[in-house]
Amino acid sequence: MTKAVVIVNPTSGKEEGEEYGPLAKKELEKIYDEVELKWTEGEGDATRFAQEACRSNVDAIYAMGGDGTVNECVNGIAPEANRPIFSFIPLGTVNDLGRVLGIPMKPKKAIKELTNRKKRTIDIGKINDQYFVDIVAIGSVPDAIHEVPIEKKTKLGPLAYVVEGIKALNEKEAYPFEFDLDGEKLKEDSFLVLVALTNSIAGIQTMIPDADVDDGYLHLAVVKGETIAEKLDLVPKIFSGKMTEDENVLYRRFKNGVISLSDTYEKDIVTNVDGDEGDVLPVNVKVLPGHMEVFVPDTELED
């Protein structure tokens, strides 16, 4: 007897979870003997539901929500010895992992694709004791982006992050970062540090073009521009896939590293992990190659 669990965040996106949850259940009942819907009510629910599903030996876990819901589910699955196949129906603003895996951004189409599937193995990132599937962002620009109102995210989507990021460039300071990446030690002043698993960041799939979800590496980009002109010069390069080639960007790929601040800097800097607040620096970051299996569309269906 086969069973799938669908973890639904009813407040994601435009609060469409209540409508799409039952539709996903109906579609999945074509391939599973039992499909259970689990509705989140607060922070941590999706992680707990996913962990319980792993320990109940279900065949698959599906998430319905935004990047935060996906991250919570991954944090419930990744530490477990038994890790069921994972997939999701995007409802949020950005949905970076969905873009990389070819999952449709329209919920109804994503639901139709649930039975049209193949398996793919993906890497998972780990920062201290937390897991991530997209990005760790550190610095003054992520601080500004974290404050974007939910109404603006819903209205503008990924563009909201770009707009707020550009607004922050002229008024934010650089921080004295130190890096130990697979034994290579580096020091750089920067207002923006990115550690990415994939090429899609804030919905922009050209920011770190060499990154892939299953390449076995984390990808570091340290932005160093001092003047506003140098910072703004990066914007078109972000969209053309040339950012990591810029002289004001330090780019490295690595497997295991430590990110910290100079001993002379006394303020706390908080990381942003998959769009939500993470730990204060210093942090240990590493990649777990091929750590999870996911379902992705086999071939894209017509609308």
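Residues numbered from 1 in each chain as written. Predicted model: local features only at pLDDT ≥ 70, side-chain atom pairs only at ≥ 80, totals over all residues. Heavy atoms only, no water.

A.B. asks: Tell me about the packing of aromatic side chains, residues and numbers included.
C.D. replies: Evaluation of the coordinates by the stated rule reveals 5 aromatic pairs. The interplanar angle of 85° and the centroid separation of 6.3 Å between the aromatic rings of tyrosine 175 and phenylalanine 177 together place this pair among those described as edge-to-face. Under the relative-accessibility criterion, phenylalanine 177 is labelled buried at 1%. Here the aromatic rings of tyrosine 175 and tyrosine 265 are separated by 5.6 Å at their centres, their planes lie at 70°, and the arrangement is edge-to-face. With tyrosine 175 in strand β8 (residues 175-181) and tyrosine 265 in the loop between β13 (256-261) and β14 (270-273), the pair connects residues that are 90 residues apart, well separated along the chain. In textbook terms, an aromatic cluster arises when at least three aromatic residues are bridged by ring pairs, as seen for Tyr175, Phe177, Phe179 and Tyr265. Lying over the aromatic face of phenylalanine 295, arginine 117 brings its terminal NZ or CZ to 4.0 Å of the ring centre. Sitting above the plane of the tyrosine 217 ring, arginine 253 keeps its charged end 3.9 Å from the centroid. (Phe/Tyr/Trp six-rings, centres within 6.5 Å; stacked < 30°, edge-to-face > 60°. Buried < 20%, exposed > 50% of the residue type's maximum accessible area, 1.4 Å probe, protein only. Helix = DSSP H or I, 4+ residues; strand = E, 2+ residues; numbered from the N terminus. Lys NZ or Arg CZ within 6 Å of the ring centre and 35° of its normal.)

A.B. asks: I'd like to hear about the side chain of asparagine 116, residue by residue, with values.
C.D. replies: Its location among the elements puts asparagine 116 in the loop between α5 (107-112) and β5 (117-127). For asparagine 116, the side chain forms a polar contact with the side chain of glutamate 113, separated by 2.8 Å. (Polar contact = N/O pair within 3.5 Å; in protein donor to acceptor, adjacent residues only side chain to side chain.)

A.B. asks: Explain the sheet that holds strand β7 (residues 135-139) to me, using residue names and the numbers behind them.
C.D. replies: The 6 strands are arranged β12-β11-β10-β7-β14-β15 in an open sheet whose pairing can be described as antiparallel. This sheet does not close on itself; its edge strands, each paired only once, are β12 (249-254) and β15 (276-280). In this sheet, adjacent strand axes meet at a mean angle of 20° when their direction is disregarded. Inspection of the sheet shows strand β11 (residues 218-223) paired to β12 by 6 bridges, in the antiparallel sense. Opposite valine 223, over in β12, you have valine 249 as the bridge partner. (Pairing = 2+ DSSP bridges. Axes fitted to C-alpha atoms, helices over the stretch in contact; angles between N-to-C directions.)

A.B. asks: I'd like to hear about helix α2 (residues 45-55), residue by residue, with values.
C.D. replies: When we look at burial in α2, the residues that qualify are Asp45, Ala46, Phe49, Ala50, Ala53 and Cys54. Contacts made by the buried residues of α2 are with β1 (3-8), β2 (34-39), β3 (60-65) and α3 (67-77). Count one or two residues on from α2 and you reach asparagine 57, which has phi positive near 60°. (Contact = heavy atoms within 4.5 Å.)

A.B. asks: If you had to explain the environment of threonine 69 to someone new, which residues and values would you point to?
C.D. replies: Here threonine 69 lies in helix α3. Overall, threonine 69 belongs to the buried group, its relative accessible area being 5%. Spatially, the C-alpha atom of threonine 69 lies 8.5 Å from that of isoleucine 7, the residues being 62 residues apart in sequence. Other than its neighbours up to four places away in sequence, threonine 69 contacts Asn9, Ser12, Ala46, Ala63 and Met64. A polar side-chain atom of threonine 69 sits 3.2 Å from a polar atom in the side chain of asparagine 9.

A.B. asks: Any details on the pattern of salt bridges? Residues and values, ideally.
C.D. replies: According to the stated counting rule, one finds 14 salt bridges in the structure shown. With its nearest N and O atoms 3.6 Å apart, the salt bridge here joins arginine 120 to aspartate 212. Pair noted here: arginine 120 is in strand β5 and aspartate 212 is in the loop between β10 (192-196) and β11, with a separation of 92 residues, a long-range link. Since its relative accessible area comes to 32%, aspartate 212 is described here as partly exposed. What emerges from the salt-bridge pattern is a single network uniting Lys3, Glu34, Glu36 and Lys38. (Salt bridge = Lys/Arg side-chain N within 4 Å of Asp/Glu carboxyl O.)

A.B. asks: How would you sum up the environment of proline 10? Please name residues and give values.
C.D. replies: Secondary-structure assignment places proline 10 in the loop between β1 and α1 (17-28). Given the relative accessible area of 16%, proline 10 is considered buried. Separated by 81 residues in sequence, proline 10 and leucine 91 have C-alpha atoms that sit 9.3 Å apart.

A.B. asks: Give a description of the nonpolar core that names residues and reports values.
C.D. replies: Counting 49 residues, the largest nonpolar core has Tyr62, Val74, Phe86 and Leu101 as its most contacted members. Contacts of leucine 101, omitting those with residues within four sequence positions, involve Phe88, Arg120, Ile122, Val213, Val294, Val296 and Pro297. With 26 residues, the next largest nonpolar core counts Ile127, Val136, Phe179 and Leu186 among its residues. (Core = buried A, V, L, I, M, F, W, Y, C linked by side-chain atoms within 4.5 Å.)

A.B. asks: So what's going on with the pairing of β10? Residues and values would help.
C.D. replies: The element β10 is extensively covered by neighbouring structure, given that 5 of its 5 residues are classed as buried. Pairing of β7 with β10, which is carried by 5 bridges, proceeds in the antiparallel orientation. Across the sheet, residue isoleucine 135 finds its bridge partner in β10, namely alanine 196. Direction of pairing for β10 relative to β11: antiparallel, over a ladder of 5 bridges. Bridging across to β11, leucine 192 finds its partner in valine 223.

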